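# A structural walkthrough
So the chains spell out like this:
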Amino acid sequence: MDNSTTLLLVGHGSRNQEGNKEIQRFAADWRQRHPDWRIEVCFIEHADVLLTEGMDRAAKNARRVLVIPFILNAAGHVKMELPAALNAARLSHPKVEFLVTRHLGMGREILAVLQGQLDRLMKALDMPDPRTTGVILLGRGSSDAGANGELAKMARWIFEDNEHELVDLAFTSITWPRLETVVQRQSRLGMTQVCIVPVYLFTGVLMERIKSQVERLKVQYPGIAFALGTHFGFDKGIFDLLDAKVAGHELPEGGLLECDGCKYRAAAEAEHLHDHSHTATGAAHGHEHEHHHHDSIHPHVPA
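Residues numbered from 1 in each chain as written. Predicted model: local features only at pLDDT ≥ 70, side-chain atom pairs only at ≥ 80, totals over all residues. Heavy atoms only, no water.

Most of strand β6 (residues 167–171) sits inside the fold, with four of its five residues counted as buried. Pairing between strand β5 (residues 133–139) and β6: five bridges, direction parallel. For Gly139, the partnering residue across the bridge sits in β6 and is Phe171. With respect to chirality, the unit in which β5 leads through helix α6 (residues 145–161) into the neighbouring parallel β6 is right-handed. (Buried < 20%, exposed > 50% of the residue type's maximum accessible area, 1.4 Å probe, protein only. Helix = DSSP H or I, 4+ residues; strand = E, 2+ residues; numbered from the N terminus. Pairing = 2+ DSSP bridges. Right-handed = clockwise from strand over helix to strand, strands pointing away.)

Given below as structure tokens:
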């Protein structure tokens, strides 16, 4: 990669600043792997450096900016605020080429990371019978059905690659089922161990909530042995996946961020995209929200 290109990692951002600090530490580790690369970081919300400032920093003294959504699933923010910020940056820096990769997504690389988490949890439980050991993939949750479906795909792949009779998914917020509901179901079906695999890159408010929930579940279900995984952003597989994106080795699903340059997104912005103080992409001011994406917005499909 030449010196005229800047890589811009775009994190979601967390109210728990420790999560944002972890992304900064990840970027520092990634720079150590590639000392000749120029790597900048910004966030969509809940951080000091947001999209507009991040784009401006990345464009300084650069001919090209490669924007990498450092996010597992493309829900409302990735499909709406990020493309809007890209459009604004292209207008503000007409001599700079802004390119964007897909978000990390739920492909074989992430599956390998999740499988590694599950293997460690099984060892922590002294390798019980998988037929009596339930697995729960625990994601953030979204109002975007496609994003939730990506987690369901991971649950199916984990099921097919292992011998566990129950591989379920649960969500920490926005949608259902929640963790306690799935644990209750697995208990009724005879599971004597439960492995909980959080599908989170970094820590944050919700990761702290998960730890508290599991402590309560241990009291509620004394006959079940629980093993809780952790966020996995520093896994070698995540660095390798980003390296592949920079090299242009995208997954077969496509190389473009959904909704970048999509006519349906442009038509939907007036109704769904609000500039609430934490994203500041230059759109109309509106109320606080967690996700604005609705199923009526059609993702852009590259020709």
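From this point, things continue past the structure.
Moving on: the nonpolar core. Within the largest apolar cluster, 45 residues are counted, with the highest numbers of intra-cluster contacts made by Leu9, Phe26, Trp30, Phe70, Leu114 and Leu137. Top element by residues in this core is helix α5 (residues 108–124). It accounts for seven residues. Beyond its immediate stretch of four places on either side in the chain, Phe26 contacts Leu9, Phe70, Phe202, Gly233, Phe234, Ile238, Phe239 and Leu242. Of all hydrophobic cores here, the second largest spans 21 residues; its members include Leu51, Ala58, Val65 and Leu82. (Core = buried A, V, L, I, M, F, W, Y, C linked by side-chain atoms within 4.5 Å. Contact = heavy atoms within 4.5 Å.)

Take the pattern of salt bridges next. Summed over the entire model, instances satisfying the criterion amount to twelve salt bridges. A salt bridge links Lys211 to Glu208, with the shortest nitrogen-to-oxygen separation between them at 3.6 Å. Here the residue Lys211 and the residue Glu208 both occupy positions in helix α8 (residues 205–220), the gap between them amounting to three residues, near one helical turn. Between Glu215 and Lys218 there is a salt bridge, with its nearest N and O atoms 3.5 Å apart. Taken together, the positions of Glu215 and Lys218, both in helix α8 and three residues apart, correspond to about one turn of that helix. Ionic contacts of the salt-bridge type, sharing partners, join the residues Arg33, Lys236, Asp240 and Asp243 into one network. (Salt bridge = Lys/Arg side-chain N within 4 Å of Asp/Glu carboxyl O.)

The next point concerns the pairing of strand β8 (residues 225–228). Across four bridges, the pairing between strand β7 (residues 193–198) and β8 is parallel. Along β8, the bridge assignment pairs Val194 with Phe226. Between the parallel elements β7 and β8, the chain passes through α8 in a crossover that is right-handed.

Among the structural elements, Glu22 can be located in helix α1 (residues 17–33). Arg25 provides the closest opposite charge to the buried, unpaired Glu22, separated from it by 4.1 Å. Among the polar contacts listed, one links the side chain of Glu22 to the side chain of His231, at a separation of 3.3 Å. Look past the residues within four positions of Glu22 in its chain and what remains in contact with it is Phe202, Thr203, His231 and Phe234. (Lys, Arg positive; Asp, Glu negative; His and termini not counted. Polar contact = N/O pair within 3.5 Å; in protein donor to acceptor, adjacent residues only side chain to side chain.)

Overall, parallel pairing links the four strands, which are arranged β6-β5-β7-β8 in an open sheet. On the outer flanks of this sheet lie β6 and β8, each paired with one strand and no other. Within this sheet the neighbouring strands show an average axis-to-axis angle of 25°, counted without direction. The strands touched by α6 within the sheet are β5 and β6, with β6 carrying the most contacts at an inclination of about 155°. (Axes fitted to C-alpha atoms, helices over the stretch in contact; angles between N-to-C directions.)

Here we take up the side chain of Lys245. You can see Lys245 is positioned in helix α9 (residues 236–246). Judged by relative accessible area, which is 5%, Lys245 ranks as buried. Within the local environment of Lys245, its side chain forms a polar contact with the backbone oxygen of Arg102, the two atoms lying 3.1 Å apart.

Following both chains from N to C, one finds α5 and α6 inclined at 60°, their axes separated by 10 Å at the closest point. It follows that α5 is oblique to α6 by the angle criterion. Note that α5 runs across α6; the crossing there is right-handed. Together, Arg108, Leu111, Leu114, Gln115 and Leu118 of α5 and Met154, Trp157, Ile158 and Asp161 of α6 make up the contact between the two elements. Within the contact of α5 with α6, the residues separate by chemical class into six nonpolar, one polar and two charged. (Parallel < 35°, antiparallel > 145°, perpendicular 65-115°, else oblique. Left-handed = near helix turned anticlockwise from the far one by under 90°. Nonpolar A, V, L, I, M, F, W, Y, C, P; charged D, E, K, R; others polar.)

Glycine aside, negative phi is the norm for most residues, and most peptide bonds take the trans geometry. Of note, the bond from Trp176 into Pro177 is cis; its omega dihedral lies within 30 degrees of zero at 5°. A positive phi angle, close to 75°, is found at Ile174, a residue other than glycine. Residue position: Ile174 is located in the loop between β6 and α7 (179–188). When its relative accessible area of 26% is taken as the criterion, Ile174 is described as partly exposed.

Let us now look at the packing of aromatic side chains. Overall, the coordinates contain seven aromatic pairs when judged by the stated rule. Ring plane angle 40° and centroid distance 4.7 Å describe the contact between Phe26 and Phe70, whose orientation is recorded as tilted. Highlighted residues: Phe26 in helix α1 and Phe70 in the loop between β3 (64–69) and α3 (76–79), separated in sequence by 44 residues. Overall, the relative accessible area of 2% leaves Phe70 in the buried class. Ring geometry for Trp30 and Trp37: centres 5.7 Å apart, planes at 85°, overall edge-to-face. Across the pair, Trp37 and Trp30 agree in class, each one buried. Among the aromatic side chains, those forming a connected cluster through ring pairs are Phe26, Phe70, Phe202, Phe234 and Phe239. Its guanidinium or amino end placed over the ring of Trp157, Arg108 lies 3.7 Å from that ring's centre, counting from NZ or CZ. Directly above the ring of Trp176 sits Arg178, whose terminal nitrogen or CZ lies 4.9 Å from the centroid. (Phe/Tyr/Trp six-rings, centres within 6.5 Å; stacked < 30°, edge-to-face > 60°. Lys NZ or Arg CZ within 6 Å of the ring centre and 35° of its normal.)

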